[in-house]
Amino acid sequence: MSIEDVDGPDRFPLLRAATSGFILRPFEQRDAPAVARACNDAQVQRWLPLPSPYGIDTALEWCCRLSHELRERSDGLHVAMATKTGRLIGSVSLKHTNWRSRCTEIGYWTVPDARNRGHTSAAVSYVSQWALAQGMERVELRAAPKNHASRRVARKAGFVYEGTMRNAGFTHAGRVDLCLYSLIPGPVDPASSFPRSAR
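Colleague: Any details on the confidence of the model for the protein? Residues and values, ideally.
Modeller: Looking at the protein as a whole, the pLDDT averages 90, with 89% of positions reaching at least 70. When the criterion is pLDDT under 50, residues 1-8 qualifies, and its contacts beyond four places in sequence or with other chains add up to 17 contacts. Low pLDDT (under 50) marks residues 192-199, which in the prediction has 22 contacts with non-local residues, meaning those over four places away or in another chain.

Colleague: Tell me about the nonpolar core, and name the residues and values.
Modeller: Within soluble globular proteins, side chains that are nonpolar generally end up buried alongside one another. The biggest cluster of nonpolar side chains holds 51 residues, and the ones touching the most others in it are Leu24, Val35, Ile106, Leu141 and Phe159. When residues in this core are grouped by element, the largest group, eight residues, is from helix H4 (residues 119-133). The residues contacting leucine 141, other than those within four sequence positions of it, are Ile106, Tyr108, Val124, Ala154, Phe159, Cys179, Leu180 and Tyr181.

Colleague: With reference to specific residues and values, describe the packing of helix H1 (residues 32-39) against helix H3 (residues 56-72).
Modeller: It is the contact of H1 with H3, at a shortest axis distance of 8 Å, that shows an interaxial angle of 120°. With respect to H3, the element H1 is oriented oblique. The element H1 and its partner H3 pack so that their crossing is right-handed. Taken together, the residues of H3 that come into contact with H1 (itself represented by Ala32, Pro33, Val35 and Ala36) are Ile56, Ala59, Leu60 and Cys63. Its residues assigned to classes, the contact of H1 with H3 comprises eight nonpolar, no polar and no charged.

Conventions and cut-offs
- Residues numbered from 1 in each chain as written.
- Predicted model: local features only at pLDDT ≥ 70, side-chain atom pairs only at ≥ 80, totals over all residues.
- Heavy atoms only, no water.
- pLDDT = per-residue confidence, 0-100.
- Contact = heavy atoms within 4.5 Å.
- Core = buried A, V, L, I, M, F, W, Y, C linked by side-chain atoms within 4.5 Å.
- Buried < 20%, exposed > 50% of the residue type's maximum accessible area, 1.4 Å probe, protein only.
- Helix = DSSP H or I, 4+ residues; strand = E, 2+ residues; numbered from the N terminus.
- Axes fitted to C-alpha atoms, helices over the stretch in contact; angles between N-to-C directions.
- Parallel < 35°, antiparallel > 145°, perpendicular 65-115°, else oblique.
- Left-handed = near helix turned anticlockwise from the far one by under 90°.
- Nonpolar A, V, L, I, M, F, W, Y, C, P; charged D, E, K, R; others polar.

This is the structure:
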């Protein structure tokens with residue numbers, strides 16, 4: 001893994017990493033068509049309040065400008081998950097970062113044909129541990145109770161379930177509860193399946 005240092009203490013450095021199964025890197029213009037397709041997927045639209053429909057212009061704005069500016073504005077970090085050949089298979093984000101309390105939240109989505117292969121849990125595990133190595137003291141993960149796929153990712157990545165936040169989220173269908181998970185510095189729960197490739 002290579003990390004490029006940047007000026008300013010309250011901003012994550014750029015992240016470029018390679019594991020045995022995928023690479024993590026900043027979003028690029030070439031990702032826009034795949035981002036648009038993924039963000040129009042029924043499951044992504046069900047759980048994330050993204051624009052609907054999600055057009056190619058919105059995807060280009062995200063890939064070329066907004067995902068980079070959010071890091072520069074200290075909100076967090078937004079990276080693409082891609083195959084070794086460069087094909088986009090998902091997104092992992094650190095967001096709502098509070099630099100004073102050293103707490104951040106992780107979010108993610110995966111393209112339909114890359115689901116159920118372990119890539120997302122490995123990437124979430126990798127980025128979460130990386131965030132702790134950058135000085136974060138807590139990484140939170142929030143998922144709707146019926147979002148079983150996202151909750152499986154949380155468990156496989158070693159997050160601990162803390163409880164349910166009532167009426168704390170929203171989707172296109174309306175308000176939803178959110179299950180709160182967390183990861184803090186220290187050994188990962190041995191009951192979780194922490195991927196070796198993500199260490």
